[in-house]
Amino acid sequence: MPASRPQPPLSRRGFLLATAGATAALGLAAVPARAAGGPRPFGRYGSPRRRLTPGTLYVDPYGRGDFATVQAAVTAASGSGRTLVLAPGVYRETVAVDATRTGATWIGASENPRDVVIVYDNAAGTPKPGGGTYGTTGSATTTVQADGFTARWITFANDWLRAEHPEITGTQAVAVKVQGDRSAFIHCRFLGHQDTLYADSMALGTFARQYYAHCYVEGDVDFVFGRATAVYEQCHFRTLDRTDLAAAPYGFVFAPSTAVTNPRGYLVTRSRVSSEAPDAAYKLARPWVPSSDTTARPSLVVRDTHLGAGIDAVAPYTNMSDAYPWQSQRFAEYRNTGPGAVITVPQNRPQLAREQAESATRAAYLGDWRPYERR
């Protein structure tokens, strides 16, 4: 069941969320209540009195909209094609969009994703009130199962920290899990540590197409993972420093788990990877072959992308399990730049030929769905 906590005790990172000086370092803006006479909370997107469309609901944590929580608005927005306009604020809750709520659109009213933050702090090993633990999927702050979902100018975060919970070994903490086909995130931010962005599908035989454009994603271990057919265009991936580790590798950016029957997995194009960690402390990717699909053959193409010094240029790929070596998967690069893209050991960096690169495109991955034509 989705949970919400209007006024929870703040963790260390949660406290940073609420303080302007420290949130800049985390990339999370503090959003105080609007002063009298200040800017309208919904900007050019109107207000509950003047709606964009009859299907629009307005969400504001300070009580100036139709609902004060995102989940309450989602619950009310039954059916298809509903729009939520989110006023600036920190929404500390978990949110679930089930498969029946197709064609939903969420808009951050300020058109700045730093202003609208949906955040919670469950990890895979966090105990559930009724017993057991949440597991990786259950740790997600936001879960989207519906097809046709679009989000713009919103931050999705999970601020669970290993240092605050040394007793917990299940450290996966998902900011958002996306399973629907034709899911688009434009100018959004995804913040977490392990397993930040779970780009997945509803079933093994479902090749959910997802599109991420002008997005920012940060984390440390496998922080972009899952079996979706996903395109990441003009995105910024940021690897975090880890004070709990003394030696590399600190983590891995991508961990696709593409089904063997899916001809395409993750495509990263015209993007960049930067790092807070020491040089060569991170691997670019490792294949995830889950126990639920031991026939998976992970697929990742990184092309026309700047790889910073944080990526190990000598050996950018490694195994998650020796039973499924990365060399047997579908990993390839094309025309990447930067210190992390220097080819020093050719057999460690499979490259696409020009003819192969012609089919490794946004249009080829997304087919007849073209969200990039209406940003």
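What counts, and where the lines are drawn
Note that residues are indexed from 1 along each chain, following the sequence as it is written. It should be noted that, the model being predicted, local features are given only for residues of pLDDT at least 70 and side-chain atom pairs only at 80 or more, the latter also being counted only at that level, while totals for whole chains, interfaces and linings use all residues. For side-chain calculations, the full set of non-hydrogen atoms in the structure is used, while hydrogens and water are omitted. UniProt positions are given in the numbering used here, feature names are shortened, and annotations may be inferred rather than shown by experiment. In this text, helices come from DSSP runs of H or I with a minimum length of four residues, and strands from runs of E with a minimum of two, each type numbered from the N-terminal end. Only protein chains enter the accessibility calculation, which uses a 1.4 Å probe; a residue is then buried when its area is under 20% of its type maximum, exposed when over 50%, and partly exposed in between. Contacts are assigned to residue pairs with any non-hydrogen atoms lying within 4.5 Å of each other. Whenever two N or O atoms come within 3.5 Å, that pair is a polar contact, provided that in protein one can donate a hydrogen and the other can accept it, and provided that, for residues adjacent in sequence, both atoms are side-chain atoms. Only one rule defines a salt bridge in this text: a Lys or Arg side-chain nitrogen within 4 Å of an Asp or Glu carboxyl oxygen.

Looking up the protein chain in an unreviewed UniProt entry gives the name Pectinesterase, with the organism given as Streptomyces spinosisporus. As recorded by UniProt, the Sequence similarities (unreviewed entry) comment attached to the protein chain reads in full: "Belongs to the pectinesterase family."

A. Local environment of the environment of Asp222. By the element assignment, Asp222 lies in strand β16 (residues 221-226). Owing to a relative accessible area of 6%, Asp222 belongs among the buried residues under this scheme. C-alpha of Asp222 to C-alpha of Phe252: the two residues are 30 residues apart in sequence and 5.0 Å apart in space. If sequence neighbours within four positions are ignored, Asp222 has contacts with Asp195, Phe252, Val253, Ala255, Arg286 and Met320. Within the structure, the side chain of Asp222 is placed 2.8 Å from the side chain of Arg286, a separation counted as a polar contact.

B. Main features of the environment of Arg162. Here Arg162 shows up in the loop between β9 (155-158) and β10 (176-178). Placed 11 residues apart in sequence, Arg162 and Ala173 show a C-alpha to C-alpha distance of 9.8 Å. If near-sequence neighbours (up to four positions away) are discounted, Arg162 is found in contact with Thr171, His193, Gln194, Asp220, Val221, Arg242 and Asp244. A polar contact is formed between the side chain of Arg162 and the side chain of Asp220, at a distance of 2.8 Å.

C. Structural context of the pattern of salt bridges. Considering all chains together, one arrives at 19 salt bridges under this definition. For Asp220, the salt bridge identified is with Arg162, shortest N-O distance 2.8 Å. Of the two residues, Asp220 is situated in the loop between β15 (216-219) and β16 and Arg162 in the loop between β9 and β10; the sequence distance between them amounts to 58 residues. You can call Arg162 partly exposed: its relative accessible area is 21%.

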